[in-house]
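The residues making up each chain are set out below.
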Amino acid sequence: MSVNGTRVVSVGHYQPEKVLTNDDLAKMVDTNDEWIVSRVGIKERRIAAEDEKVADMAIHAARQALENAGLQPGDIDMVLVATVSAKDTCPNTACRVADALGISTPAAMDVNTACSGFEYALAQADMAIRVGSATRALVVGAEKLTAVTDWEDRTSCVLFGDGAGAVVVEGTDDPELAISPVVWGSEPSMSDVIRIEEDVPYIKQAGQTVFRWATTQLAPLIEQVAERAGVKIDELAAFVPHQANLRIIQGIAKRLDFSDDCVIAEDIVYSGNTSAASVPLALSKLVQSGKVPSGAPILLFGFGGGLTYAGQVIRCP
Ligand SMILES: CC(C)(COP(=O)(O)OP(=O)(O)OC[C@H]1O[C@@H](n2cnc3c(N)ncnc32)[C@H](O)[C@@H]1OP(=O)(O)O)[C@@H](O)C(=O)NCCC(=O)NCCS
């Protein structure tokens, strides 16, 4: 049965226990806390255990989101996992999550658009439910970026961390609560700017090019997201951007005149860049903090490898 719209009903997240501080990194490569904090704002990041897979983290986050929704596995008929770092490609991570949670016959798919993966996956869940091809979806972002990090490259190894975040999405007939139409796209001519490739299976990026793109090109796209949602920037309860880099977040926030308390930027400081996991991770912590009232608008925006970007406005569950 088709519905007019969908809404996020719950959140969940997971981070591995092991913390890697900037001082720890300074023992591994020629770097220091002051350089890292001043360039990217990161103080520490979480590192998955050697035998901990992307699927394991996705399962923890998804289970929490399901429990927080007060739902049973049989209530879910779609599982989407956004990831760029899962080493196991078959079965996909979504099937692993479904199996672990006892979800019997869902549509199950992984989505790879790197750091915008969660927003792309959320948009696909929204569309599938609206046209009646699914009833309720688990949408997860999960990454083990430390498994694709070159630990000898000081320009990149200081940036990344591991973790997972998840939401449950279901239909609603209340337009006030509905997820807004996604604004999404890519810059294929810049596909070489961030890479994880067969011959060099580590994240390689042209850092300054990414920085320039993010701080000059993204603000108008984020405005478009708000416009499509019919919400003004100053009406947003929170702006949850991809936690790539504190300076990028601050640059975008300044261009769009966001008030400081609206911009969610703490997770980059304590989690590092966790790619597709970063927005659902930060969102889950925000919702669980109780700082945003239920029904208040939250703008999500992801951007990264591809280059790709996507964003939408959701209502706080
Ligand atoms: C990666 C990034 C922090 C590098 O900062 P930068 O100011 O561009 O730094 P540069 O690469 O020009 O290097 C400047 C100097 O710092 C040095 N440096 C690089 N990494 C360092 C580190 N971890 N510690 C100490 N010094 C470092 C460089 O070797 C260079 O030294 P040199 O001038 O003697 O050659 C920055 O480009 C950035 O934030 N880019 C965006 C990356 C991103 O967010 N990607 C994900 C998007 S999804």
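Along every chain, residues carry numbers that run from 1 in the direction the sequence is written. Local features in this predicted model are restricted to residues of pLDDT 70 or higher, and side-chain atom pairs are both shown and tallied only at a pLDDT of 80 or more, whereas totals for entire chains, interfaces and linings draw on every residue.

> I'd like a rundown of the overall build of the protein, residues and numbers included.
Helix numbers and strand numbers start at the N terminus; a helix is a DSSP run of H or I with at least 4 residues, a strand a run of E with at least 2. A count of helical and extended segments in the protein gives 10 helices and 13 strands. Compactness check: the protein gives a C-alpha radius of gyration of 18 Å against a globular reference of 20 Å for 317 residues, within 12% of the reference. In terms of overall dimensions, the protein has a C-alpha envelope of 55 × 45 × 40 Å along the principal axes. When the 317 residues of the protein are sorted by exposure, 53% land in the buried category. Long-range contacts, defined here as pairs at least 24 residues apart, represent 79% of the contacts in the protein between residues at least 6 apart. The size measure is the radius of gyration over C-alpha atoms, and the globule rule it meets is 2.2 Å times the number of residues to the 0.38 power. Every C-beta atom is placed from the backbone, and the number of other C-beta atoms within 10 Å of a residue's own sets its class: buried at 20 or more, exposed at 12 or fewer, partly exposed in between. Once C-beta atoms are placed from the backbone, any two residues with those atoms within 7 Å are in contact.

> Would you mind going over the packing of helix α3 (residues 54-69) against helix α4 (residues 93-101) in detail, with residue names and values included?
Lines fitted to C-alpha atoms define the axes, with helix axes restricted to the stretch in contact, and inter-axis angles between N-to-C directions lie between 0 and 180 degrees. It is at 9 Å that the axes of α3 and α4 come closest, and there the two elements cross at 50°. The pairing of α3 with α4 is recorded here as oblique in orientation. For the pair α3 and α4, the sense of crossing is right-handed. Taken together, the residues of α4 that come into contact with α3 (itself represented by V54, A55, A58, I59, A62, R63 and L66) are T93, R96, V97, A100 and L101. The residue classification treats Ala, Val, Leu, Ile, Met, Phe, Trp, Tyr, Cys and Pro as nonpolar and Asp, Glu, Lys and Arg as charged. All others, Gly included, are polar. For the contact of α3 with α4, the residue count by class is nine nonpolar, one polar and two charged. Orientation is classified from the angle alone, with under 35 degrees giving roughly parallel, over 145 giving roughly antiparallel, 65 to 115 giving roughly perpendicular, and any other angle giving oblique. Two helices cross in a left-handed way if the nearer one is turned anticlockwise from the farther one by less than a right angle. They cross in a right-handed way if the turn is clockwise.

> Which residues make up the environment of E187, and what values do they have?
Checked against the element boundaries, E187 lands in the loop between β8 (183-186) and β9 (194-195). The exposure class of E187 is partly exposed, given the 14 C-beta atoms found within 10 Å. Once the C-alpha coordinates of E187 and R315 are considered, the two residues, 128 residues apart in sequence, prove to be 29 Å apart.

> Explain the sheet that holds strand β12 (residues 297-304) to me, and be specific about the residues and the numbers.
Think of it this way: DSSP has to see at least two bridges between two strands before they count as a pair. A sheet is described by the order of its strands in space; here four strands give the open sequence β8-β13-β12-β11, paired in mixed fashion. Bordering the open sheet on either side are β8 and β11 (238-241), each of which pairs with just one other strand. Adjacent strand axes in the sheet meet at a mean angle of 15°, parallel and antiparallel pairs treated alike. When β12 meets strand β13 (residues 308-315), the two strands line up antiparallel, connected through eight bridges. Along β13, the bridge assignment pairs L299 with V313.

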